[in-house]
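Structure at a glance
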Amino acid sequence: MKRTLLALALAAAALPALAADEFRFDAGHTYIGFEIDHLGFSKTLGEFLKYEGTLVLDREDLTKSSIEVSIDAASIDTDQEDFDEHLRSADFFDVANHPTMRFKSTKVEDLGNGRLKVTGDFMMLGKTHPVVLDVSMNKVAPHPFRPTIEVAGFSARTTLDRTQWGMDKYAPAVGKDVTIRIETEFNRPITAQ
């Protein structure tokens, strides 16, 4: 009997722990945008159109969840092509030398009622600094029209000081504080119910 219990215990220990669910961006329902003061006259708005990332969602313990995102800096879009080209230059994003921005979470805090604080390392222009995102977990559920897809939807905001990453051209006349707004859905395949 003892041998049987020992064998079962060893077998259980050898089994992998139940993994959290892995989701990928739904690009058709994701917006990664920014807002920055323009000389005090208005706010310049823009977004990044190309990105990829993975969300690992642990429903039992949200603090064990994680996210990694990479953004193609050259995909910046303000609806002004000349301005976008300037933003891609060495004055700002320097995409020739730094084509990718990355965010990797290091800590997730569950504040209750679907509110999260997600801390992570943000790499831009070859420099990495911590950033804290205020996140709302809007809904996680099977897609109502596509029963083989589960969707996890989030809204997130943060403000960062661009000069920390060495992007100091025209600061502070052109704002150094940049508001980031993210509206996103992540998908994963499931068995239709």
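Nothing here was measured: the structure is a model prediction, and the numbers come from that model. (Residues numbered from 1 in each chain as written. Predicted model: local features only at pLDDT ≥ 70, side-chain atom pairs only at ≥ 80, totals over all residues. Heavy atoms only, no water.)

**With respect to the overall build of the chain**
The number of helices and strands found in the chain is two helices and eleven strands. Taken from the N to the C terminus, the helices and strands of the chain come in the order α-β-β-β-β-β-β-α-β-β-β-β-β. Out of the 193 residues in the chain, the part that is buried amounts to 38%. A fraction of 54% describes how many contacts in the chain between residues 6 or more apart in sequence connect residues 24 or more apart. When the accessible surface of the chain is totalled, it reaches about 11,800 Å², and 54% of it is carbon and sulfur. (Helix = DSSP H or I, 4+ residues; strand = E, 2+ residues; numbered from the N terminus. Buried < 20%, exposed > 50% of the residue type's maximum accessible area, 1.4 Å probe, protein only. Contact = heavy atoms within 4.5 Å. Areas by Shrake-Rupley, 256 points an atom, 1.4 Å probe, with all protein chains shown as cover.)

**As for the packing of aromatic side chains**
Taken as a whole and assessed by the stated rule, the structure comprises seven aromatic pairs. Look at F25 and Y51: their rings are 5.1 Å apart centre to centre, the planes differ by 70 degrees, and that puts the pair in the edge-to-face class. Note that F25 is positioned in strand β1 (residues 21-25) and Y51 in strand β4 (residues 51-57), a separation of 26 residues in sequence. The exposure classification of F25 matches that of Y51, with both residues buried. Pairing F154 with F186 gives two aromatic rings, centres 6.2 Å apart and planes at 80 degrees, and the pair type is edge-to-face. Taken as a pair, F154 in strand β10 (residues 149-161) and F186 in strand β11 (residues 174-189) lie far apart in primary sequence, 32 residues in all. Joined through ring pairs, the aromatic side chains of F25, Y51, F154 and F186 make up one cluster. The ring of Y170 carries K169 above its face, with NZ or CZ at 5.2 Å from the centroid. (Phe/Tyr/Trp six-rings, centres within 6.5 Å; stacked < 30°, edge-to-face > 60°. Lys NZ or Arg CZ within 6 Å of the ring centre and 35° of its normal.)

**What about the environment of V118?**
If you trace the backbone, V118 turns up in strand β8 (residues 115-124). For V118, a relative accessible area of 6% corresponds to the buried category. Sequence separation between V118 and K104 is 14 residues, and the spatial gap between their C-alpha atoms is 9.8 Å. Once you skip the residues sitting within four places of it in the chain, V118 turns out to touch I67, F103, S105, K107, V108, V131, V132, L133 and V135.

**Some points on the confidence of the model for the chain**
Note that predicted coordinates carrying low pLDDT should not be read in detail. Residues with a pLDDT of 70 or more make up 90% of the chain, whose mean pLDDT is 91. Below pLDDT 50 for its whole length, residues 1-17 participates in zero contacts with residues either more than four positions away or in separate chains. (pLDDT = per-residue confidence, 0-100.)

**Digging into the pattern of salt bridges**
Side chains that differ in charge, positive against negative, can pair when their charged atoms come close. Counted according to the given criterion, the structure contains eleven salt bridges. The salt bridge involving E22 is made with R24; its shortest N-O contact spans 3.1 Å. Its relative accessible area of 45% is what places E22 among the partly exposed residues. For R24, a relative accessible area of 47% puts it in the partly exposed group. The network of salt bridges with shared partners includes D21, R59, E150 and R188. (Salt bridge = Lys/Arg side-chain N within 4 Å of Asp/Glu carboxyl O.)

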